[in-house]
Amino acid sequence: QLSLFRLTMKRHFSASHSSVDSKEMKKFQLLAHKWWDEEGEYSALHSMNDIRVPFIRDTLLNMSRNYHLGNPLSGVKILDVGCGGGLLSEPLGRLGALVTGIDPLEDNIRTADQHKSFDPVLAKRIQYKSSSLEEIVEECMETFDVIVASEVVEHVADLEMFIRCCSQVLKPEGSLFITTINKTQLSYVLGIVVAEKIIGIVPEGTHEWEKFVPPEELERLLESNGFSVKTVNGMLYNPLSGSWSWMESTSINYAMHAVKSGAQGQSSPTDALSEMESEQPLATAGTTM
């Protein structure tokens, strides 16, 4: 039955239909070498690590039976979808996770590979692959404990297909973390007019308001694909201080955590945290909440 399902999926994905948007690829191609410039076009993503890394870490630790000194995410298999130059993959790797970063743009993967090679510990824990999500579905069925898709869903061509693929490569009871931009008048004014056209903290043309995703829509898509949404937190960027903070309103940016429904009698993937003992010194994400 599983092989028949895989064959059907293969046929489905070998069609020309893809979640990758070629227009989006062209935009990011021009900036592929700039990922690690903390003052450059991706400065807001660098500082987003200050809240998104602890959010992922602490959510996973709260679901686990044991707290871990040393590498708190030791043994947890994470898929970073649309990893870009590895801005989120690296801090997750430092926390002990085994990270697979995928991005359809080869230049992004080249940048990410080059940057991780400076750190022998990260070089072992992180692997990067130039691939779309649907291209790895067949080989990675129910492989990952955690998927992160940070600032990605507002760039995909087919969101429903993207969510379905996430479900397929995630283990039962696995966690999905998404950060993205709401589709409101406020997000248009701040996310496009101010951020791109007035103060230029994001390259002009990075975002299309039509592709922004309201949390209600994302929640509906997730729940219809076998996920249970656990948390939705509003996020606010302050361009003057260059820092992010949590807020109640989700009217601009927001972070979501959802859990895939589990098969009966299966243990939670986050038990990987309690199974593996760490002997290495304390790894930090560089920030706390």
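Residues numbered from 1 in each chain as written. Predicted model: local features only at pLDDT ≥ 70, side-chain atom pairs only at ≥ 80, totals over all residues. Heavy atoms only, no water.

The chain appears in an unreviewed UniProt entry as COQ3 protein from Calonectris borealis.

## What about the overall build of the chain?
From N to C terminus, the chain includes eleven helices and eight strands. Put simply, the chain has 289 residues, and 54% of those count as buried. Of the contacts made within the chain by residues no fewer than 6 positions apart, 75% connect residues no fewer than 24 positions apart. Per element, the accessible surface of the chain, about 13600 Å² overall, is 52% carbon and sulfur. (Helix = DSSP H or I, 4+ residues; strand = E, 2+ residues; numbered from the N terminus. Buried < 20%, exposed > 50% of the residue type's maximum accessible area, 1.4 Å probe, protein only. Contact = heavy atoms within 4.5 Å. Areas by Shrake-Rupley, 256 points an atom, 1.4 Å probe, with all protein chains shown as cover.)

## Topic: the packing of aromatic side chains
The description of two aromatic rings rests on the distance between their centres and on the angle between their planes. Overall, the coordinates contain four aromatic pairs when judged by the stated rule. Pairing F55 with F177 gives two aromatic rings, centres 5.7 Å apart and planes at 80°, and the pair type is edge-to-face. Of the two residues, F55 is situated in helix α3 (residues 43-63) and F177 in strand β5 (residues 170-181); the sequence distance between them amounts to 122 residues. Both residues of the pair, F55 and F177, belong to the buried class. With a centroid separation of 5.0 Å and 45° between ring planes, the pair formed by Y237 and W244 is classed as tilted. (Phe/Tyr/Trp six-rings, centres within 6.5 Å; stacked < 30°, edge-to-face > 60°.)

## Here we look at the sheet that holds strand β2 (residues 98-103)
The strand order across the open sheet built from eight strands is β3-β2-β1-β4-β5-β8-β6-β7, with neighbouring strands paired in mixed fashion. Every interior strand has two partners, whereas the edge strands, β3 (126-130) and β7 (243-247), have only one. Strand after strand, the sheet turns through a mean of 20° between neighbouring axes, direction not considered. Note: β2 against β3, five bridges, orientation parallel. What sits directly across from G101, in β3, is Y128. (Pairing = 2+ DSSP bridges. Axes fitted to C-alpha atoms, helices over the stretch in contact; angles between N-to-C directions.)

## Examining the nonpolar core
Counting residues in each nonpolar core, the largest one holds 35 residues, and the members touching the most others are L73, I78, L92 and V148. Among the elements of the structure, α3, α5 (106-116), β3, β4 (144-150) and β6 (227-238) are those that each provide at least two residues to this core. The dominant element in this core, judged by the number of residues it contributes, is α3, at eight residues. In this structure, V81, F162, L170 and M256 belong to the second largest nonpolar core, which totals 33 residues. (Core = buried A, V, L, I, M, F, W, Y, C linked by side-chain atoms within 4.5 Å.)

## Considerations on the pairing of β5
Of all twelve residues making up β5, ten are buried, and the element is well covered by its neighbours. When β4 meets β5, the two strands line up parallel, connected through six bridges. Note on β5: the bridge partner recorded for V148 is F177. Once you follow β4 into helix α8 (residues 159-169) and on to β5, the crossover reads as right-handed. In terms of strand pairing, β5 meets strand β8 (residues 253-260) through seven bridges, oriented antiparallel. Pairing of F177 across the sheet is with H257, part of β8. (Right-handed = clockwise from strand over helix to strand, strands pointing away.)

## Some thoughts on the side chain of K116
Positionally, K116 belongs in helix α5. Contact partners of K116, with chain neighbours within four places excluded, come to E90, L122, A123, I126, Q127 and Y128.

## Focus: a nonpolar patch on the surface
A grouping of L186, Y188, V189 and L190 is seen on the molecular surface, where their side chains present a nonpolar patch of about 320 Å² in accessible area. Tracing the backbone through its elements, the reader meets V189 in helix α9 (residues 185-198). You can call V189 partly exposed: its relative accessible area is 40%. (Patch = residues over 30% accessible without salt bridge, like charges linked within 9 Å, V, L, I, M, F, W, Y side chains within 5 Å. Salt bridge = Lys/Arg side-chain N within 4 Å of Asp/Glu carboxyl O.)

## Focus on unusual backbone geometry
It is generally the case that most residues other than glycine have a negative phi and that most peptide bonds are trans. Positive phi outside glycine occurs at E142, with the angle close to 50°. Structurally, the position occupied by E142 is in the loop between α7 (133-136) and β4. Taking relative accessible area as the criterion, E142 reaches 42% and is therefore assigned partly exposed. Phi angles above zero are rare outside glycine, and E173 is one such case at about 70°.

## Let's talk about the confidence of the model for the chain
Scored by pLDDT, the chain comes out at a mean of 84, with 80% of its residues at no less than 70. In this model, residues 1-16 is a region of pLDDT below 50 whose contacts with residues beyond four sequence positions or in other chains number twelve contacts. Across residues 264-270, where pLDDT falls below 50, the model places twelve contacts with residues more than four positions away in sequence or in other chains. (pLDDT = per-residue confidence, 0-100.)

## Side note on the environment of R125
Considering the arrangement of structural elements, one finds R125 in helix α6 (residues 120-125). With 26 residues separating them along the chain, R125 and V99 place their C-alpha atoms 6.3 Å apart. Polar contacts involving the side chain of R125 include one to the main-chain carbonyl oxygen of G93, which spans 2.8 Å. (Polar contact = N/O pair within 3.5 Å; in protein donor to acceptor, adjacent residues only side chain to side chain.)

## Side note on the pattern of salt bridges
Within this structure, the stated rule accounts for ten salt bridges. Among the salt bridges present, the one from D58 reaches R57, with a minimum N-O distance of 2.7 Å. D58 sits in the partly exposed class, given a relative accessible area of 22%. In this structure, the salt-bridge partner of K116 is D113, at a minimum N-O distance of 3.7 Å. A residue pair is termed a helical-turn pair when its members lie 3 or 4 positions apart in one helix, as K116 and D113 do in helix α5 at three residues. Since its relative accessible area comes to 30%, D113 is described here as partly exposed.

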